[in-house]
Amino acid sequence: MTEPLSTDDAQAATRAEPRRVLVAGGAGFLGSHLCERLLDDGASVVCVDDFSTGARGNVAHLLAHSRFDLLPHDVCKPLDLAVDEIYNLACPASPVHYQRDPLQTTRTSVLGAMHLLELARRSGARILQASTSEVYGDPEVHPQPEGYWGRVNPIGIRSCYDEGKRCAESLFFDYHRQHGVRIKVARIFNTYGPRMQPDDGRVVSNFIVQALRGEPLTVYGSGTQTRSFCYVSDLVEGLVALMASAEGFTGPVNLGNPDEITIGALAGQVLRLTGSGAVIEHRPLPGDDPAQRRPDIRLAEQQLGWAPRIPLEDGLRKTIGFFRASG
Ligand code: NAD
Ligand code: UDP
């Protein structure tokens with residue numbers, strides 16, 4: 001016969017425990033915004049990071065929060081925690097950083113994904129992979145839908161990242177088919193905003209920092225190559241919507257802003273918005289630099305009811321404000 005519950009037990013049974021969410025790469029640019037968003041949502045957050053490209057400063061303001069834990073750890077080593085959800089954002093994202101130690105980039109993408117997938121298998125957690133538009137390589141199909149298999153150089157200077165992320169997607173789907181792990185795969189297109197590091201090396205932070213310092217804006221190649229830039233808060237909403245999406249929906253799903261711009265035009269816009277008198281200086285185009293990139297986001301619109309809302313000019317103003325304030 002079941003014993004009647006004491007008052008304390010009854011209260012504990014009705015008190016909902018917050019869901020426990022692991023954010024790997026949580027001290028990075030995207031990860032730190034995601035940690036904030038999840039705390040606002042009532043979750044308990046474990047931020048796992050090795051601080052290789054992220055910074056403790058990105059999450060310093062969260063350390064006093066009772067539902068926030070910071071765990072220094074390299075995802076290339078296994079870890080054991082009881083969690084309900086896992087976001088895998090651990091990986092250098094800027095070409096400058098991921099090409100500095102390409103072997104570590106591949107290790108992080110592949111071994112890191114495997115260890116987190118094993119954790120998801122053991123704990124029954126949902127797991128989301130921060131994949132990338134780089135899986136499309138230098139695309140011949142434009143804009144890029146999820147059904148496009150891509151055109152990636154498997155031996156080039158970008159392949160540690162591109163192939164690492166492609167292998168991680170493959171691991172996610174094999175863990176799903178073989179072990180029933182509940183997966184979500186987001187293909188993230190170029191995202192920018194506050195908390196990018198000044199030495200990150202990606203184009204938006206480079207141009208803004210250069211313009212504010214009055215140094216030449218370094219346009220690689222002719223500047224006719226295109227990208228489509230998504231503001232960070234829009235992207236984070238997309239990740240959260242994907243994690244909460246219907247059980248049967250795995251993705252991969254594109255998350256990004258389809259508003260496409262040439263890199264030359266972006267330099268002009270940054271000069272105008274900063275009021276900088278800096279000049280533009282052309283530098284050699286790095287190997288395998290994709291000529292064009294724009295997400296087809298119809299799947300995200302249909303499945304997640306998600307679309308980006310912040311126009312490039314508004315997002316650039318906010319980002320310029322951040323870099324001005326941080327000196
Ligand atoms: P970021 O470099 O700011 O963040 C990556 C974080 O992962 C950093 O905090 C870094 O210290 C951490 N990290 C790296 N290797 C690790 C390891 N072995 N163990 C533990 N932590 C490790 O970059 P970001 O822009 O915030 O990107 C986050 C994720 O989103 C990455 O996986 C990236 O590939 C993906 N992504 C980002 C973009 C973008 O435009 N921002 C586009 C496509 C995909
Ligand atoms: N780029 C540039 N100047 C810079 C940094 C980047 O012209 O100082 C170019 C780069 O060659 C690429 C585009 O801007 O064509 C986007 O580069 P980023 O490194 O931001 O991202 P990714 O190439 O991974 O999309």
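Everything that follows concerns the structure shown earlier in this document.
None of these values were measured; they are calculated from a predicted model.

A. Just the overall build of the protein, in detail. A count of helices and strands for the protein gives ten helices and 13 strands. Its C-alpha atoms give the protein a radius of gyration of 20 Å, within 12% of the compact-globule value 20 Å for 327 residues. Taken across its 327 residues, the protein has 53% of its residues classed as buried. Sequence-distant contacts in the protein: of pairs separated by 6 or more residues, those separated by 24 or more amount to 81%. With the model as given, the accessible surface of the protein reaches about 14500 Å², and the carbon-plus-sulfur share is 52%. Side chains of the protein carry 33 positive and 39 negative charges; the gap between the two charge centres is 2 Å.

B. Summary view of the site of ligand 1. Around ligand 1 sit 29 residues, and of these Leu-30, Asp-49, Thr-53, Tyr-161 and Thr-191 come closest. Interatomic distance of 3.0 Å between a backbone N/O atom of Gly-28 and an oxygen atom of ligand 1. Backbone polar atom of Leu-89 to an oxygen atom of ligand 1: 3.0 Å apart, as the coordinates give it. In the complex, the protein chains occlude 97% of the 820 Å² of accessible area that ligand 1 would expose alone. Counting residues per element, the ones that place at least two in the shell around ligand 1 are helix 2 (29–40), helix 4 (102–123), strand 5 (126–132) and helix 5 (159–179). A per-element tally of the shell around ligand 1 places strand 5 first, with three residues. Counted by class, the shell around ligand 1 contains twelve nonpolar, twelve polar and five charged residues.

C. Structural view of the site of ligand 2. Neighbouring ligand 2 are 18 residues; Val-203, Thr-218, Tyr-220, Arg-227 and Asp-289 lie closest to it. Between ligand 2 and Asn-206 there is a distance of 2.8 Å, counted from an oxygen atom to a side-chain nitrogen or oxygen. At 2.6 Å from a nitrogen atom of ligand 2 is found a main-chain nitrogen or oxygen belonging to Thr-218. If ligand 2 stood free it would expose 510 Å²; the protein chains cover 95% of that surface. When contributions to the shell around ligand 2 are tallied by element, the ones reaching two or more residues are helix 6 (203–213) and strand 8 (217–220). Considering only residue class, the shell around ligand 2 consists of seven nonpolar, five polar and six charged.

D. Region of the structure containing the packing of aromatic side chains. Taken as a whole and assessed by the stated rule, the structure comprises six aromatic pairs. Centre to centre, the rings of Tyr-136 and Tyr-148 are 6.0 Å apart; their planes meet at 15°, and the pair counts as stacked. Separated by twelve residues along the polypeptide, Tyr-136 in the loop between strand 5 and helix 5 and Tyr-148 in the loop between strand 5 and helix 5 bring together distant segments of the chain. When its relative accessible area of 1% is taken as the criterion, Tyr-136 is described as buried. Residue classification places Tyr-148 among the buried residues on the basis of a relative accessible area of 12%. Each ring, one from Tyr-136 and one from Phe-189, has its centre 6.1 Å from the other, and the planes form 40°; the classification is tilted. Pair noted here: Tyr-136 is in the loop between strand 5 and helix 5 and Phe-189 is in the loop between strand 6 (182–188) and strand 7 (191–192), with a separation of 53 residues, a long-range link. By relative accessible area, which is 1% here, Phe-189 ends up buried.

E. Molecular detail of the sheet that holds strand 11 (residues 253–255). The strand order 3-2-1-4-5-6-11 describes an open sheet built from seven strands, whose pairing is parallel. Only two strands of the sheet have a single neighbouring strand rather than two, namely strand 3 (68–72) and strand 11. Put simply, the sheet's adjacent strands are angled 20° from each other on average, direction ignored. Pairing geometry for strand 1 (residues 20–24) and strand 2 (residues 44–49), over five bridges, is parallel. Across the sheet, residue Arg-20 finds its bridge partner in strand 2, namely Ser-44. Against the sheet, helix 2 contacts strand 1, strand 2, strand 3, strand 4 (85–88) and strand 6, and its axis sits at roughly 170° relative to strand 1. Where helix 4 meets the sheet, its contacts fall on strand 1, strand 4, strand 5 and strand 6, and the angle it forms with strand 4 comes to roughly 170°.

F. Quick look at the environment of Glu-17. Within the element layout of this structure, Glu-17 appears in the loop between helix 1 (7–14) and strand 1. With relative accessibility at 65%, the residue Glu-17 sits in the exposed group. Considering only alpha carbons, one finds Glu-17 and Ser-44, 27 residues apart in sequence, at a separation of 9.0 Å.

About the thresholds
Residues numbered from 1 in each chain as written. Chains lettered and ligands numbered in written order. Predicted model: local features only at pLDDT ≥ 70, side-chain atom pairs only at ≥ 80, totals over all residues. Heavy atoms only, no water. Helix = DSSP H or I, 4+ residues; strand = E, 2+ residues; numbered from the N terminus. Rg over C-alpha atoms; globule rule 2.2 N^0.38 Å. Buried < 20%, exposed > 50% of the residue type's maximum accessible area, 1.4 Å probe, protein only. Contact = heavy atoms within 4.5 Å. Areas by Shrake-Rupley, 256 points an atom, 1.4 Å probe, with all protein chains shown as cover. Lys, Arg positive; Asp, Glu negative; His and termini not counted. Charge placed at Lys NZ, Arg CZ, Asp CG, Glu CD. Near = heavy atom within 4 Å. Polar contact = N/O pair within 3.5 Å; in protein donor to acceptor, adjacent residues only side chain to side chain. Nonpolar A, V, L, I, M, F, W, Y, C, P; charged D, E, K, R; others polar. Phe/Tyr/Trp six-rings, centres within 6.5 Å; stacked < 30°, edge-to-face > 60°. Pairing = 2+ DSSP bridges. Axes fitted to C-alpha atoms, helices over the stretch in contact; angles between N-to-C directions.

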